[in-house]
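Listed here are the chains, written in short residue letters.
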Amino acid sequence: MTEQAEIEAVVEAVLFAANEPIGEPRLLELFPDDDRKRVLAAVDAVLERYAERPNRGVMAERVAGGVRLATRPELAGWLRRFFDIRGRQRLSMAALETLAIVAYRQPVSGPEIQELRGVNSSAVLKTLLERRLIRIAGRKPVVGKPFLYATTREFLVQFGLSSLQDLPPLEEFEELAQPGSGRAVEEAAASSE
Amino acid sequence: MTEQAEIEAVVEAVLFAANEPIGEPRLLELFPDDDRKRVLAAVDAVLERYAERPNRGVMAERVAGGVRLATRPELAGWLRRFFDIRGRQRLSMAALETLAIVAYRQPVSGPEIQELRGVNSSAVLKTLLERRLIRIAGRKPVVGKPFLYATTREFLVQFGLSSLQDLPPLEEFEELAQPGSGRAVEEAAASSE
Amino acid sequence: MTAATETGSGLPAEWRVRLPVFEGPLDLLLHLVRVNEVEISDIPVTLICDQFHEYLGLMEELDLDVAAEYLYEAALLIQLKSRMLLPRRADGDEPEEDPRQELVERLLEYRRLKEASQSLAEIHGLRMGIWTREPDLPDADPDERLDLGEVSLYDLLKAFGQVIERYDREHPHALRLAVETWSVRKQFDRLLERLAPARPIDLLDDLRRRSSRGEAVAAFLAVLELLRLRLVRLHGTGAGELLLYRTDRAVSDEERESVPS
């Protein structure tokens, strides 16, 4: 049996050193079985310790099936200034469109993506592969055996999702797309100004 | 003038992201001159926040030239255990290269792999055997009778392949990596800040 | 193509000054639906078709490269426009299919996709501002950075590409020929795998495709072995091809072992 205080310290230290989301199972592996409840309580205690407050610069967040420590997004401007970095390159709209298709339709093949977007998407797919946001998930058993694509754990991390179930539901968009809906008319009016 | 709470948050975020000790002068540079006292107070507040307590895994300490956040040295044993376990689920680039050679040239002998990679690969081969990604597929009937290596079912599962025939030829990868269409390249480049 | 005259067919006047750029033809169509304040489900084909062509005309005026995808869509629209002009049958018990149906579905689908990607863009914009630390790994091999659960086929291919590239760089061609030894058995296996019943391969063509003289020699020796074991037969054609046919015989392990490796 391990002291509750020590378990909390270990959990905090692991999250600090690991720089990636750590799921409870990996933390539980470190301790004897009868510490189980204490480990789970320690994770909650650390989450609480790093809860968002105006004077906190670091937060604990649940992403990709684990917990990780990271800076609060609101401080981005300050950090960019301090480290004198312009920040990572943002994804283009083309890349985000392609990523959305992969996220919602996975596993999805290159030709299917091209069909949905109406344009050739191979360069964008390469960008997403290089940024590890998508991966090749096999081949589709049709003529030409095109690659199938799926999202990665890195995608969940970068978009702050606990799992794919956390994606904004597509039904919402379906509703919005209903002809005559208030939102669509509003949009049309706004863009015609 | 900046709010005390915000300065504290910025100082904590900077120390977290920096991976090295940060001195007060560099922190002071971020803020207008009349924030001076508040910045120094914020550093003290963060030092206090990360003061050593039995349930804390991270501490703030003054070291040569500044303040840094680090895991408490008493926890080193726990961290080593954590990273040891994690290491078993990781692959080095060397291992991935070797795995790729086995995949594409199987059955292939140790000396042949060494010839292609230019370095001794026996440690890496051992790792790959342990992870069950490759197997020994006999001996090559040449001087020294070196082992021949081939990939396993586990390998197919890992890479989402239904059979070795699905392994894409290198040319297909080159197509993916260098799409010829100007339009597609344009798309990838059109990423805006 | 519709002339982009001063009156035009109703594209916003400022487009003549600053032409917006779209992600593709569907994006342009969706935008035209918006600026005209019409419903996707009841799209005025003639108007949209004319404006689409006018946009392409503006692109050409500006010497912009009009991508093939736009031209393809333009052709579809012309086809649709002409179908809309055909008289519809008034009789018939079955409800007539709207020729626009397919276009409508594609646009609705694309609009959903647009909405989804915009919400991803918002999340992306916010979360780009999150910073993490470089991990400190006590005693860990800093090279062990690939998470086995995350390594994919793309990484594997890339790794193999790197090996080949490095090897070629470090081994000037002449030297490599001297070092390389080509396995006859490997060529034997390769040919057997390639040879499907009733699908002959052209021997000369196959030999020409070998990466080096050494490999071609090994492949030729492998063919001799295949002939010896009556696993293939060779058939010369009038056109000067040498066709290699797979016979019905199965290959035994002992026979395979007898081929020099």
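Whatever comes next refers back to the structure up there.
Presented here is a report on the structure given in the accompanying data block. (Residues numbered from 1 in each chain as written. Chains lettered and ligands numbered in written order. Predicted model: local features only at pLDDT ≥ 70, side-chain atom pairs only at ≥ 80, totals over all residues. Heavy atoms only, no water.)

1. Some words on the overall build of chain C
(1) Moving on: Summing up its helical and strand segments, chain C has ten helices and four strands in all.
(2) Moving on: Across chain C, helices and strands are ordered from the amino to the carboxyl terminus as α-α-α-α-β-α-α-α-β-α-α-β-β-α.
(3) Moving on: Expressed as a percentage of its 261 residues, the buried residues of chain C come to 44%.
(4) Moving on: In chain C, the share of contacts with a sequence separation of at least 24, taken over all contacts with a separation of at least 6, comes to 61%.
(5) Moving on: Only carbon and sulfur atoms are counted for the fraction: they give 52% of the accessible area of chain C, which is about 14700 Å². (Helix = DSSP H or I, 4+ residues; strand = E, 2+ residues; numbered from the N terminus. Buried < 20%, exposed > 50% of the residue type's maximum accessible area, 1.4 Å probe, protein only. Contact = heavy atoms within 4.5 Å. Areas by Shrake-Rupley, 256 points an atom, 1.4 Å probe, with all protein chains shown as cover.)

2. Describing the overall build of chain A
(1) Moving on: The helix and strand inventory of chain A stands at ten helices and five strands.
(2) Moving on: Out of the 193 residues in chain A, the part that is buried amounts to 54%.
(3) Moving on: If you take every contact in chain A between residues at least 6 apart in sequence, the share linking residues at least 24 apart comes to 48%.
(4) Moving on: Summed over all atoms, the accessible surface of chain A reaches about 8300 Å², with 50% contributed by carbon and sulfur.

3. Regarding a nonpolar patch on the surface
(1) Moving on: On the surface, Val217, Phe220, Leu221 and Leu224 of chain C cluster together into a nonpolar patch covering about 340 Å² of accessible area.
(2) Moving on: With respect to the secondary-structure elements, Leu224 of chain C resides in helix 9 (residues 213-228). (Patch = residues over 30% accessible without salt bridge, like charges linked within 9 Å, V, L, I, M, F, W, Y side chains within 5 Å. Salt bridge = Lys/Arg side-chain N within 4 Å of Asp/Glu carboxyl O.)

4. Points about the interface of chain B and chain A
(1) Moving on: With 56 residues of chain B in contact, the opposing surface of chain A contributes 58 residues.
(2) Moving on: For the pair chain B and chain A, the two sides together bury roughly 4900 Å², of which 63% comes from carbon and sulfur.
(3) Moving on: Our count for the contact surface shared by chain B and chain A stands at four salt bridges.
(4) Moving on: A salt bridge links Glu12 of chain B to Arg56 of chain A, with the nearest nitrogen and oxygen atoms 2.6 Å apart.
(5) Moving on: By residue number, the principal contributor to the side of chain B that touches chain A is helix 1 (residues 4-18) of chain B, which donates eleven residues.
(6) Moving on: Counted by class, the side of chain B that touches chain A contains 33 nonpolar, seven polar and 16 charged residues. (Buried area = accessible area lost by both parts, 1.4 Å probe. Nonpolar A, V, L, I, M, F, W, Y, C, P; charged D, E, K, R; others polar.)

5. Brief notes about the environment of Thr46 of chain C
(1) Moving on: Secondary-structure assignment places Thr46 of chain C in helix 2 (residues 45-61).
(2) Moving on: Put simply, Thr46 of chain C and Ser82 of chain C are 36 residues apart on the chain and 9.0 Å apart in space, counted from C-alpha to C-alpha.

6. Some details on the interface of chain C and chain B
(1) Moving on: Taken together, the contacts link 42 residues of chain C with 44 residues of chain B.
(2) Moving on: Counting each side, the surface lost to burial between chain C and chain B is near 4000 Å², with a carbon and sulfur contribution of 63%.
(3) Moving on: For the pair chain C and chain B, the interface holds two salt bridges.
(4) Moving on: With a shortest N-O distance of 2.9 Å, Glu97 of chain B and Arg166 of chain C are connected by a salt bridge.
(5) Moving on: At the junction of chain C with chain B, the criterion picks out four residue pairs in polar contact (both at pLDDT 80 or more).
(6) Moving on: Where the side of chain C that touches chain B is concerned, the elements lending two or more residues are helix 3 (68-85), strand 1 (146-147), helix 5 (153-170) and helix 7 (184-194) of chain C.
(7) Moving on: Broken down by element, the side of chain C that touches chain B gets its largest block of residues, 14 residues, from helix 5 of chain C. (Polar contact = N/O pair within 3.5 Å; in protein donor to acceptor, adjacent residues only side chain to side chain.)

7. Thoughts on the packing of helix 1 (residues 25-35) of chain C against helix 3 of chain C
What describes two packed helices is the angle between their axes and the distance between those same axes.
Residues and elements named next belong to chain C.
(1) Moving on: For the pair helix 1 and helix 3, interaxial distance at closest approach is 9 Å and the crossing angle is 50°. Between helix 1 and helix 3, the crossing angle belongs to the class labelled oblique. Residues Pro25, Leu28 and Leu29 of helix 1 pack against Glu69, Tyr70, Glu73 and Leu77 of helix 3.
(2) Moving on: Looking at the contact of helix 1 with helix 3, its residues break down into five nonpolar, no polar and two charged. (Axes fitted to C-alpha atoms, helices over the stretch in contact; angles between N-to-C directions. Parallel < 35°, antiparallel > 145°, perpendicular 65-115°, else oblique.)

8. Re the pattern of salt bridges
(1) Moving on: Inspection of every chain in the model, using the stated rule, returns 49 salt bridges over all chains.
(2) Moving on: The partner of Arg38 of chain A in a salt bridge is Asp35 of chain A, with the nearest N and O atoms 2.9 Å apart.
(3) Moving on: What makes Arg38 of chain A partly exposed here is its relative accessible area of 21%.
(4) Moving on: Each of Glu97 and Arg117 of chain A together with Glu23, Asp27 and Lys114 of chain C takes part in one network of salt bridges that share partners.

9. Points about the sheet that holds strand 3 (residues 108-109) of chain A
All names here are of chain A.
(1) Moving on: Overall, antiparallel pairing links the three strands, which are arranged 3-5-4 in an open sheet. On the outer flanks of this sheet lie strand 3 and strand 4 (134-139), each paired with one strand and no other.
(2) Moving on: Direction of pairing for strand 4 relative to strand 5 (residues 147-151): antiparallel, over a ladder of four bridges. Residue pairing for strand 5: Ile134 is matched across the bridge by Thr151.
(3) Moving on: Sheet strands in contact with helix 5 (residues 93-105) are strand 3, strand 4 and strand 5, and its direction is about 90° off that of strand 5. (Pairing = 2+ DSSP bridges.)

10. Here we look at helix 6 (residues 110-117) of chain B
(1) Moving on: The complete set of buried residues in helix 6 of chain B reads Gly110, Ile113, Leu116 and Arg117 of chain B. Relative to the axis of helix 6 of chain B, the buried residues are bounded by an arc of 125° and lie together on one face.
(2) Moving on: Residues of helix 6 of chain B that are buried make contact with helix 5 (93-105), strand 4 (108-109), helix 7 (122-130) and strand 6 (147-151) of chain B together with helix 5 of chain C.
(3) Moving on: Just past helix 6 of chain B, the residue Gly118 of chain B takes up positive phi, approximately 80°. (Arc of directions from axis to C-beta.)

11. Some remarks on the pairing of strand 1 (residues 58-63) of chain A
For a regular strand, the rule is simple: side chains alternate between the two faces of the sheet.
(1) Moving on: Most of strand 1 of chain A is tucked away: five of the six residues are buried.
(2) Moving on: Counting the residues between successive antiparallel strands, the hairpin from strand 1 of chain A to strand 2 (residues 66-71) of chain A contains two residues, one of them, Ala64 of chain A, with a positive phi of roughly 45°.

12. Describing unusual backbone geometry
(1) Moving on: Here the bond from Gln106 of chain A into Pro107 of chain A is cis, since omega is -5°, no more than 30 degrees from zero.
(2) Moving on: Along the chain, Pro107 of chain A falls in the loop between helix 5 and strand 3.
(3) Moving on: Positive phi values are uncommon outside glycine, yet Glu37 of chain C reaches one of about 50°.
(4) Moving on: Its location among the elements puts Glu37 of chain C in the loop between helix 1 and helix 2.
(5) Moving on: Even without being glycine, Arg230 of chain C reaches a positive phi, approximately 55°.
(6) Moving on: Summarising the element assignment, Arg230 of chain C is placed in the loop between helix 9 and strand 3 (232-236).

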